[in-house]
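Chain residues, written in single-letter form:
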Amino acid sequence: MSDIDPDNRIAFQGVPGAYGHLSCSTVYPDLEAIACDTFADALTMVRDGDAALAMIPIENSLGGRVADIHHLLPESGLYIIGEHFQPVMHQLLGVPGATLSDIKAVHSHEQALSQCRGLTRDLGIEPVIHADTAGSAKMIAELGDKTQASIASSLAGEIYGLEVLRDRVEDRIGNTTRFIIMSRQRQDPDPKNGSCMMSFVFQVRSQPAALYKALGGFATNGINVTKLESYITDASFEAAQFYIDIEGHPDEARVARAIEELQFFSAKLKILGVYPANPYRRQYGT
């Protein structure tokens, strides 16, 4: 009989030490974080009952939206039950005994390298692109070469036994990734307990000014739209789908009126989740 309890597991994409892993440990320190090769694999683990939750990145303050997520969410069969804003604090990691003067090349994800151009320029070292940050840290540990370093999280350094050669090497402080927490069950919070967010996707009807009319209800009802993005769903380039985040709860009369107006001008609408607004939003006005 297996000792694995799916209710005590949370899935993330990447290898141990990735920022998704760090987010899981921060929000759910008592759950076992399970590494998955792809975002789709992480969502499938939850859908199939092999994990209770999935921690999925949706956007970064510097890099913008995370590719493929908007296509995966509507078909996942899961619901957003929370959000987490994870500060991205890059570390320059090397094998034990290495010094800054030893380093000839630094390995990491393309975005991480682009966010740390000042470091590579100042040290005169070669940037080498890898699939992910934590994976590059794991490779450096296995390689054992003092001339090679990684840009990754402090957690990756701890897991793979690497030393921090320089702390906070990103060019701009404040780099943050927003993660959403996915579950098989929709868990609408009580709006009396605090501010709420609502996420959904929709397609407007094929008629002039349909998007303008569909969104008009949010303006007239005083609802703040914090995110609106479009993406193509088929090869004809005619079926644009929209992902939207709003501040509010469907039990609020003003939100219900806005959604009703949106539905009138939409071919389809799917709610992805209603969840508590993270305190980060109040602190930084996100």
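This text goes with the structure placed above it.
Basis of the calculations
Residues numbered from 1 in each chain as written. Predicted model: local features only at pLDDT ≥ 70, side-chain atom pairs only at ≥ 80, totals over all residues. Heavy atoms only, no water. Helix = DSSP H or I, 4+ residues; strand = E, 2+ residues; numbered from the N terminus. Buried < 20%, exposed > 50% of the residue type's maximum accessible area, 1.4 Å probe, protein only. Contact = heavy atoms within 4.5 Å. Areas by Shrake-Rupley, 256 points an atom, 1.4 Å probe, with all protein chains shown as cover. Lys, Arg positive; Asp, Glu negative; His and termini not counted. Charge placed at Lys NZ, Arg CZ, Asp CG, Glu CD. Axes fitted to C-alpha atoms, helices over the stretch in contact; angles between N-to-C directions. Parallel < 35°, antiparallel > 145°, perpendicular 65-115°, else oblique. Pairing = 2+ DSSP bridges. Core = buried A, V, L, I, M, F, W, Y, C linked by side-chain atoms within 4.5 Å.

Caption draft 1: Here's a closer look at the overall build of the protein. Helix and strand content of the protein: ten helices and 15 strands. In terms of overall dimensions, the protein has a C-alpha envelope of 65 × 50 × 40 Å along the principal axes. Sorting the 286 residues of the protein into buried and exposed places 46% on the buried side. Partitioning the intrachain contacts of the protein with sequence separation of at least 6 by distance along the chain shows that 76% fall at a separation of at least 24. With the model as given, the accessible surface of the protein reaches about 13800 Å², and the carbon-plus-sulfur share is 49%. Distance from the positive charge centre (24 side chains) to the negative charge centre (36 side chains) of the protein: 6 Å.

Caption draft 2: Up close: the packing of helix H8 (residues 210-220) against helix H9 (residues 253-264). Interhelical geometry of H8 versus H9 gives an angle of 170° and a closest axis separation of 7 Å. What the angle tells us is that H8 and H9 run roughly antiparallel. Across the interface between the two elements, Lys213, Ala214, Gly216, Gly217, Phe218 and Thr220 from H8 touch Ala258, Ile259, Glu261 and Leu262 from H9.

Caption draft 3: Broad picture of the sheet that holds strand S10 (residues 163-166). A sheet is described by the order of its strands in space; here five strands give the open sequence S8-S7-S9-S6-S10, paired in mixed fashion. Both outer strands of the open sheet, strand S8 (126-130) and S10, are each paired with one neighbouring strand and no more. Averaged over all adjacent pairs, the angle separating strand axes in this sheet is 35°, with direction ignored. Where strand S6 (residues 91-94) meets strand S9 (residues 148-152), three bridges bridge the pair, whose relative direction is antiparallel. Paired with Leu93 across the two strands is Ser150, which belongs to S9.

Caption draft 4: Here's a closer look at the pairing of strand S5 (residues 79-87). The buried fraction of S5 amounts to seven of the nine residues, a majority that puts the element mostly inside the structure. Pairing geometry for S5 and strand S11 (residues 176-183), over eight bridges, is antiparallel. Bridge pairing links His84 to Phe179 in S11.

Caption draft 5: Quick look at the environment of Ile129. Within the secondary structure, Ile129 sits in strand S8. Classification of Ile129 as exposed rests on a relative accessible area of 55%. Among residues more than four places away in sequence, those in contact with Ile129 are Ser108, Glu110 and Leu113.

Caption draft 6: How the structure looks around the sheet that holds strand S14 (residues 240-247). As summarised here, the arrangement of the four strands in space is S13-S14-S12-S15, forming an open sheet in which the pairing is antiparallel. Strands with a single pairing partner mark the edges of an open sheet, and in this sheet they are strand S13 (225-232) and strand S15 (266-276). Between one strand and the next, the sheet's axes are offset by a mean angle of 15°, whatever the strand orientation. The sheet contacts of H8 involve strand S12 (196-204), S13 and S14, and relative to S12 the element is tilted by about 160°.

Caption draft 7: Local environment of the nonpolar core. Counting residues in hydrophobic clusters, the biggest one holds 26 residues, and the most contacted among them are Ile56, Ile69, Leu73, Ile80, Ile180, Met182 and Tyr243. Taken together, the elements giving at least two residues each to this core come down to strand S2 (32-36), helix H2 (39-47), strand S3 (53-60), helix H3 (69-75), S11, S12 and S15. Tallying contributions element by element places H2 first for this core, with five residues. One finds Cys24, Ile81, Val95 and Ile181 within the second-largest nonpolar core, a separate group that totals 20 residues.

It is worth stressing that arrangement in space is one thing and function is another; only the former is reported here.
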